[in-house]
Amino acid sequence: MRLILLLLFFLVQGLGFSQTIIGTVREKSSGLPLPFANVFVSNTTFGKATDKDGKFRISGNLPQEIEVVASFVGYITEVKKVSIRGQSEILLDFELSFNESNLSEIELKAKRDKAWEREFRRFEEVFLALPDDSYKPKIEIVNPWVVDFEKVRVQNGANYLKASAQEPIKIINRALGYEIDYYLQDFRVLRVGSRFYGQVFYEPIQGEPEQEEAWDLARDENYYSSIRYLNQSILLNLADTKHFRIYHAIPDELDRVRTNDFTRELNKSIIPIANDSILKRPLGDGNFRIFLPGRMEIHHLDKEWRNDYYTNIYHAISWIQAPDGYYDVDRNGVLLNPTQLVLSGYLGRQRMARILPLDFEPKTDFVVGSMTEEVVHDQGQKFNRLREKPWITTNKPYYYPGEAVWIGGQMLYQEAIWSDTLSRVVHVDLVTPDSVFQSYQFPIENSRISGGFVLPSDLPVGNYALRAYTNWSLNYPASDQFHLEFPVIDPRYKPKPENPVEDSFMGSVEVTETYSISDSLSYRVMDLELNFLDEFQNPLEAKFVITMTDAEEVSFLKPKSDLESSLNWFDKTLPKDFSSEWSRQIEYGISVQGEFIPANRRQSFSQRITVVRGDLEDFGQVKSDSSGRFWATGLYYSGTAQIAIAAVNEKSQPFGTVNWIPMPKPSPPTLIPTLEYDLISRPTESQFLDTSGDYILLEEFVKEVSKENLSDRYGYSEPDRVMDENSIKLSTTLCDVLQRMGFNCRSQRFGNYTYGERTGSPLLIIDGFKYPFLEGGEFKEMLDSFVPQELESVGVYTYGNMVFGMAGYAGVIVLKTKRGQKFTVDSDRKFNSDGFGIFPVPGFTDFAPFLKNPPSDQYLRRKPTIYWEPVAETSNGQFQSKVKVPYGTKSIHIRVEGRSDDGEAFSKLIKIEL
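Caption draft 1: How the structure looks around the overall build of the protein chain. When you go through the protein chain residue by residue, the secondary structure sums to 13 helices and 53 strands. Within the protein chain, the fraction of its 914 residues that count as buried is 50%. Within the protein chain, contacts between residues at least 6 apart in sequence are counted, and of these 72% link residues at least 24 apart. Per element, the accessible surface of the protein chain, about 43,400 Å² overall, is 51% carbon and sulfur.

Right, here's the structure in full:
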């Protein structure tokens, strides 16, 4: 066995004897030699320029299967695949053809529009480095203008974004110390993944001794974390390698849901596999075939890493899978066909920033890496990734005093992956350059914004703006606030209409409309259908705001602050000299801040602060800091509520004094966007207004809706996950049920989620009755009192927990029993507010939602806004609605504005004559 291992070691480690490639590069049409042409072995540092006679000579210990590349500016690059096995010298000649399709520099630069910029950012993330990779600032493309993009339609297949380059892409990698020429052959980004392929030449950078030493260390560390070294470990049967541990990931069973606990999953969903038990076979040509029994989980034992997959594992994890059951490598562990292996997790992070040339050999045998060396921790880059900005629009382009205003919109995130941890409250101010007239706040749900308010009837006419921001965005420059022009006009006039034809911006999105009109007793009914298509005429999913106005009554004004122009914010990174006190925190609901003042010097400023809304409708606890300041967030209510606040000791007795500090508003903006327009007279008989009183639901309609909601979910939205009786009975305990739903009964948490400063146990709701703020022992005792056989259903809320306020910070568990309420409800329980400070704290702004379904037996009067839906979205590329149109309406403007799920902005104005 030892002899076999030694032979295998030499097969794998040895690059063989030195080989030499000689030849000539000529011009194909004339046969003349091409001096100073580039010739290199792809993915290596072996390369030469031809001499004055077009000749070249390359020598070195080369891989057995290679691609040799010849290139010259203005000519088509030629690639030849060569097997040099058993040969000491190879003769290889090239004939290059003139490239007549080269684009001029002017033509290429003309393509650098906004869409190109967005595609190039995607290209860099796929090609160079992930956004959080510490290498990203150290690698750059120095000739980006050579890259062009197109969207390719595939018949009966997946469409994709394609990148091409007429010249080599020149890259400087200051993290590993290479200058790289990349001859791009194929690059595509699909909805489900991405891939790129080309020929690469590496040239080491010459630096100072200290710099070269750092490069050597970085190269070695990336080598020992690579798929190439993993393959070498498998070929060498290194069962106890200090870098890797391999597990077979077993597919999930129907009656078991995977947990985040490594110890619970070991030998259940992941089975340890020794390297020497993985089947590999020589192919007879110096290469090897490695067989995988399924999806393999790779633990990088020496790579410290933040871990979202296991709660008790602190190193990097990868997964590899061979769709055909095997993949082929050469004796150095290099993949012969990269498409044979699917990489994800840590290995899936590999980009050009971390890929080494094939002829690289490490200088050390062991390198310990850590997350701090791998992921960006630069404060400027970190906080740039956490930026957010609202975009809002309104149902009309201008208003009259006393009118109802409906707003809709969505949040923009520098990195959407962080959206679920950022703000859930948006603030909207009605401002001029001199003052803030009114302030409103609305919830952010699934990154969408919906709300409304009523203008004061005595509001002076003039140019205003709506300023939208989050509390967190106030830590950033003013450019992270959004301003929407907001003219308020004398009711006797209206703006002279602009030409609406110029208002459409569609990019690669196409919106087509079909409709039909029918009459009823009280109004007309329009059956409207909008179809959203991409440039290949495929259905496109999108989220958008749609408003329909009476075209005779509401003049069209082209907005300046549209969504397309707002997307320019993505290109504005934080300035290098940016600094912030970071005094503004992220709001997960209505927030309360204040200070605690001790009653005497013996008491500490740092105390547990109790916050109560009303008569225990909501409740939470936070900790004041060393100066007595505290911050609580997550309350959920509309209007103004009485909030009780106090520091409470172990006997539930308040002590000391608390002061509530209202949330400070930012100063009025120095400039606001304004629209230019001319006014024309408005006939007295058609001075219609949008007033909120016309949109109040009838009492019996409210009762009917409430009754329906209460019968199903006690008035709450649908849980994030639900298990019915048939699924529950497969478990022996309630903890087993909850474990299958992502809950850890030992830590009493849902996965790795943390909501608020002090989460405690999740909110427990049993047959509609809440049991909030149970201590750990009480919570466990309550769960243990149930057996699965007596439950009808179990639901949990994690992402959808906002409606439960502070009580639902740690998530919510809803149990519905077969026999109804198991515990006695103390209906006389009252909150004793003695010793608490009571403060009126404004909540979300009350507003009357736009009524899209008026009563059929009441005449629908004519009005400016006919239809409003701020959170519209498509299903299979379609949006359908029945629109109630008042009699007397002769023409309608339909405006849609939003983004496709691919991030493409669009807006369109459609005019319909009735």
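Next comes the rest of the description.
Caption draft 2: Here's a closer look at the sheet that holds strand S34 (residues 590–597). Taken in spatial order, the 3 strands line up as S37-S34-S40 in an open sheet, and their pairing is antiparallel. Strands with a single pairing partner mark the edges of an open sheet, and in this sheet they are strand S37 (629–635) and strand S40 (657–660). Put simply, the sheet's adjacent strands are angled 30 degrees from each other on average, direction ignored. For S34 and S37, the ladder comprises 6 bridges, and the chain directions are antiparallel.

Caption draft 3: Representation of a nonpolar patch on the surface. Judged by side-chain polarity, Tyr 515, Ile 517 and Leu 914 come together as a nonpolar surface patch covering roughly 220 Å² of accessible area. Tracing the chain through its elements places Ile 517 in strand S31 (residues 510–519).

Caption draft 4: Quick peek at the pattern of salt bridges. Scanning the model with the defined rule gives 29 salt bridges in all. A salt bridge links Asp 181 to Lys 170; its shortest N-O distance comes to 3.2 Å. Taken together, the positions of Asp 181 in strand S13 (residues 178–189) and Lys 170 in strand S12 (residues 169–173) put the pair 11 residues apart, joining distant regions of the chain. Two residues, Lys 780 and Asp 784, come together in a salt bridge whose shortest N-O distance is 2.8 Å. In this pair, Lys 780 and Asp 784 both sit in helix H13 (residues 776–784), 4 residues apart, roughly one turn of the helix. Among the ionic contacts, a cluster of salt bridges with common partners joins Asp 550, Glu 552, Glu 553 and Arg 862.

Caption draft 5: Helix H4 (residues 209–224), seen in detail. Given a rise of 1.5 Å per residue, 16 residues ought to cover 22 Å, and the 23 Å separating the end C-alpha atoms of H4 matches this to within 8%. Taken residue by residue, H4 has Trp 215, Asp 216, Ala 218, Arg 219, Asp 220, Glu 221, Asn 222, Tyr 223 and Tyr 224 as its buried positions.

Caption draft 6: Here's a closer look at helix H5 (residues 227–235). The element H5 is extensively covered by neighbouring structure, given that 9 of its 9 residues are classed as buried. Inspection of H5 places Ile 227, Arg 228, Tyr 229, Leu 230, Asn 231, Gln 232, Ser 233, Ile 234 and Leu 235 among the buried residues, and these make up the whole buried set.

Caption draft 7: Highlighting the sheet that holds strand S23 (residues 388–394). Strand order in this open sheet of 7 strands is S23-S24-S27-S26-S25-S28-S29, and the pairing throughout is antiparallel. The open sheet is flanked by S23 and strand S29 (482–488), the only strands paired with a single partner. Adjacent strand axes in the sheet meet at a mean angle of 25 degrees when their direction is disregarded. One ladder, built from 7 bridges, connects strand S24 (residues 404–413) with strand S27 (residues 448–454); its direction is antiparallel. Among the inter-strand pairings, Trp 406 is bridged to a residue of S27, identified as Gly 452.

Caption draft 8: Region of the structure containing the nonpolar core. Among the nonpolar cores identified, the biggest contains 55 residues, and Phe 123, Phe 127 and Ile 169 are the most heavily contacted of them. With 6 residues, S13 is the single largest residue contributor to this core. Residues within four places of Ile 169 in sequence aside, it is in contact with Phe 123, Phe 127, Ile 141, Asn 143, Val 146, Val 147, Ile 180, Asp 181, Tyr 182 and Leu 184.

Caption draft 9: Broad picture of the environment of Arg 219. Looking at where Arg 219 falls in the secondary structure, it is placed in helix H4. Expressed as a C-alpha distance, the spacing of Arg 219 and Glu 361, which sit 142 residues apart in the sequence, is 9.2 Å. Residues contacting Arg 219, with those up to four places away along its chain left out, are Leu 176, Gly 177, Tyr 178, Pro 204, Leu 356 and Phe 360.

Caption draft 10: Looking closely at the pairing of strand S25 (residues 425–431). S25 sits mainly inside the fold: 7 of its 7 residues count as buried. Neither face of S25 is open: one carries Val 425, His 427, Asp 429 and Val 431, the other Val 426, Val 428 and Leu 430, and all of them are buried. Pairing geometry for S25 and strand S26 (residues 436–445), over 7 bridges, is antiparallel. Bridged to Asp 429 within S26 is Ser 439. Linking S25 to S26, which pair antiparallel, is a turn of 4 residues.

Caption draft 11: Examining the pairing of strand S36 (residues 618–623) more closely. For S36, the buried fraction is high: 5 of the 6 residues fall into the buried class. Strand direction decides the pairing type here: strand S35 (residues 608–613) and S36, joined by 6 bridges, are antiparallel. Its bridge partner lying in S36, Arg 613 is registered against Asp 618. Counting the residues in the hairpin turn of S35 and S36 gives 4 residues, including Gly 614, whose phi is positive at 60 degrees.

The rules behind the values
- Residues numbered from 1 in each chain as written.
- Predicted model: local features only at pLDDT ≥ 70, side-chain atom pairs only at ≥ 80, totals over all residues.
- Heavy atoms only, no water.
- Helix = DSSP H or I, 4+ residues; strand = E, 2+ residues; numbered from the N terminus.
- Buried < 20%, exposed > 50% of the residue type's maximum accessible area, 1.4 Å probe, protein only.
- Contact = heavy atoms within 4.5 Å.
- Areas by Shrake-Rupley, 256 points an atom, 1.4 Å probe, with all protein chains shown as cover.
- Pairing = 2+ DSSP bridges.
- Axes fitted to C-alpha atoms, helices over the stretch in contact; angles between N-to-C directions.
- Patch = residues over 30% accessible without salt bridge, like charges linked within 9 Å, V, L, I, M, F, W, Y side chains within 5 Å.
- Salt bridge = Lys/Arg side-chain N within 4 Å of Asp/Glu carboxyl O.
- Expected span 1.5 Å × (residues − 1).
- Core = buried A, V, L, I, M, F, W, Y, C linked by side-chain atoms within 4.5 Å.

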